[in-house]
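Survey of secondary and tertiary structure
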Amino acid sequence: MLVAEARPRIGRGESSARPAGESPDRPIGRCPPDGGRLASEVRSATVLLDRWQRYWSRLFYGLLVVSTGIAVADVESDGRRLAIVSLAAALALWYRHALARDGRVVLGTGVRPLVAAAGAAALWSSLLVLHGLFVLLMFSAYHLACSTPMPARRALPGIAAVSAILVTTESVRQGGFEPLQLVFYAAVTLALGLFIAFMQAIHQQSEERRRLISELETTQGELAESERRAGALAERQRLAREIHDTLAQGFASIVTLYEAARAEVASRPEAASEYLD
């Protein structure tokens, strides 16, 4: 009896060659996980976010320089000028080292971010009391308040604190409280809070869509692998049937010739020899 050597069977359209760089422990034909594309998307999103953070930092420094220049030219007292320049320089240094290192906002959770934000708020409030033009920095202040980590409820106290600083310093500078300003900045706080919540909902929906797409691609890869294996199995079964039929036909011919030779061996040895040849 012939014993077939055990070896991996390869169906039609398959190759035993392993792709370059593929692990030897990995089965041939197995679809690799689609993690490279997702990692590339994450890196691209991170680079884009860092770029916009730098744009916001440049906006802060630009507004600070413009406000300081106009305020220094507008006031008449040398003492106020010196105070404005000193506070503006201190705020720029504080922003660079405590709030936005390398142009990127570093606010997070914990005590240290609160101390950094409180220091910036104290310097900015002093500048607002000295001159009202420093209200232009509220764009950067609201941006910092909105840059806190999710969820949105963490940004609401910062937004409300910025609005409270603006209302309080304006009241101190004018020597009286203006209810209209309170209404205006309350509306700003509410609008920004709703905007942050809306953006968070969009972000969550985007992450959920990305997860579903990743699962769909994985399922499609597994389905394609199953179809490939099913096709290979069907091809092997067809080849096995063909080999079986060929061998059966050959053995049947051998048996027929043997019976014919056996019947003629006694009476016609020459004819029997022809059957065996």
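Throughout, residues of each chain are indexed from 1 in the direction in which the sequence is written. Reporting in this predicted model follows two pLDDT cut-offs: at least 70 for local features of residues, and 80 or more for side-chain atom pairs to be given and counted; totals over whole chains, interfaces and linings ignore these cut-offs and use all residues. Side-chain numbers come from the whole structure's heavy atoms, not from hydrogens or water.

Some details on the overall build of the protein
To keep things clear, this is the line we draw: Helix and strand definitions follow DSSP, with helices as H or I runs of at least four residues and strands as E runs of at least two, each counted in order from the N terminus. The classification of residues rests on relative accessible area computed with a 1.4 Å probe and restricted to protein chains. Under 20% of the type maximum is buried, over 50% is exposed, and intermediate values are partly exposed. The contact criterion used throughout is that any non-hydrogen atoms of two residues lie within 4.5 Å. Values of accessible area rely on a 1.4 Å probe in the Shrake-Rupley scheme; residue burial ignores everything except the protein chains shown.
A tally of helices and strands in the protein yields seven helices and two strands. N-terminal to C-terminal, the α/β element order of the protein is α-α-β-β-α-α-α-α-α. The burial tally for the protein puts 25% of its 277 residues in the buried class. For the protein, contacts bridging at least 24 residues in sequence account for 67% of all contacts bridging at least 6. By element, 64% of the accessible surface of the protein is carried by carbon and sulfur atoms, the whole surface being about 18,800 Å².

Considerations on the pattern of salt bridges
Let me state the cut-off plainly: In the sections that follow, a salt bridge refers to a side-chain nitrogen of Lys or Arg positioned within 4 Å of a carboxyl oxygen of Asp or Glu.
In total, this model carries nine salt bridges according to the counting rule given. The closest approach of N and O atoms between E207 and R210, which form a salt bridge, is 4.0 Å. Taken together, the positions of E207 and R210, both in helix α6 (residues 179-264) and three residues apart, correspond to about one turn of that helix. Residue classification places R210 among the partly exposed positions, given a relative accessible area of 28%.

Some points on helix α5 (residues 155-174)
As a reminder, the rule being used: A helix is expected to reach a length of 1.5 Å times the quantity of its residues less one.
Taking 1.5 Å of rise per residue, 20 residues should cover 28 Å, and α5 covers 29 Å from first to last C-alpha, within 8% of that figure. When we look at burial in α5, the residues that qualify are A155, I159, V162, S163, I165, L166, V167, T169, E170 and S171. Of the residues one or two after α5, G175 is the one with positive phi, at around 75°.

Here's the deal with the packing of aromatic side chains
Rules: Working definition: a ring pair exists when centres of Phe, Tyr or Trp rings (six-membered ring for Trp) sit within 6.5 Å. Plane angles under 30 degrees give stacked, over 60 give edge-to-face, the rest tilted.
With the rule as written, the count across this model stands at four aromatic pairs. A ring pair is formed by F60 and Y61, whose centres lie 5.4 Å apart and whose planes are at 65°; its orientation type is edge-to-face. Assessed through its relative accessible area of 4%, F60 is described here as buried. Since its relative accessible area comes to 27%, Y61 is described here as partly exposed. Ring centres of Y61 and Y95 lie 5.6 Å apart, and the angle between their planes is 85°; this geometry places the pair in the edge-to-face category. On the criterion of sequence distance, the pair formed by Y61 in helix α1 (residues 35-74) and Y95 in helix α2 (residues 78-99) is long-range, its members being 34 residues apart. Cluster of aromatic residues (ring-pair linked, three or more members): F60, Y61 and Y95.

Overview of helix α3 (residues 111-130)
The first and last C-alpha atoms of α3 sit 29 Å apart over 20 residues, in line with the 28 Å expected at 1.5 Å per residue. Along α3, the positions that sit buried rather than exposed are P113, A116, G119, A120, L123, W124, S125, L127, L128 and L130.

Here's the deal with the packing of α2 against α3
Just so we agree on the cut-off: Lines fitted to the C-alpha atoms define the axes, with helices restricted to the stretch that makes contact. Angles between their N-to-C directions range from 0 to 180 degrees. By the definition adopted for this analysis, an angle is roughly parallel if under 35 degrees, roughly antiparallel if over 145, roughly perpendicular if from 65 to 115, and oblique otherwise. Left-handed describes a crossing whose near helix is turned anticlockwise from the far helix through less than a right angle; right-handed describes the clockwise counterpart. Side-chain classes are defined by residue name, with Ala, Val, Leu, Ile, Met, Phe, Trp, Tyr, Cys and Pro counting as nonpolar, Asp, Glu, Lys and Arg as charged, and the others, Gly among them, as polar.
In the contact formed by α2 and α3, the axes pass within 10 Å of each other and the chain directions differ by 160°. By the angle class used here, α2 and α3 are roughly antiparallel. Between α2 and α3 lies a crossing of left-handed hand. Residues R80, A83, I84, L87, A88, A90, L91, W94, A98 and L99 of α2 touch α3, and the partners they reach there are V115, A116, A117, G119, A120, L123, S126, L127 and L130. For the contact of α2 with α3, the per-class residue count stands at 16 nonpolar, two polar and one charged.

Digging into the packing of α3 against α5
The contact between α3 and α5 brings their axes to 9 Å, and the two run at 30°. Judged on the interaxial angle alone, α5 and α3 are roughly parallel. Remark: the crossing between α3 and α5 carries right-handed chirality. Contacts from A121, W124, S125, L128 and V129 of α3 reach α5 at V162, I165, L166, T169, V172 and R173. When the residues that make up the contact of α3 with α5 are grouped by side-chain class, the tally is eight nonpolar, two polar and one charged.

A look at the confidence of the model for the protein
Worth spelling out the cut-off: Each residue carries a pLDDT score, the predictor's own confidence in it, on a scale running from 0 to 100.
Put simply, the protein has an average pLDDT of 77, and 72% of its residues get 70 or more. Of all the helices and strands in the protein, strand β2 (residues 104-105) carries the lowest mean pLDDT, 62, while α2 carries the highest, 90.

Quick look at the environment of A164
For A164, the position within the fold is in helix α5. For A164, a relative accessible area of 39% gives the class partly exposed.

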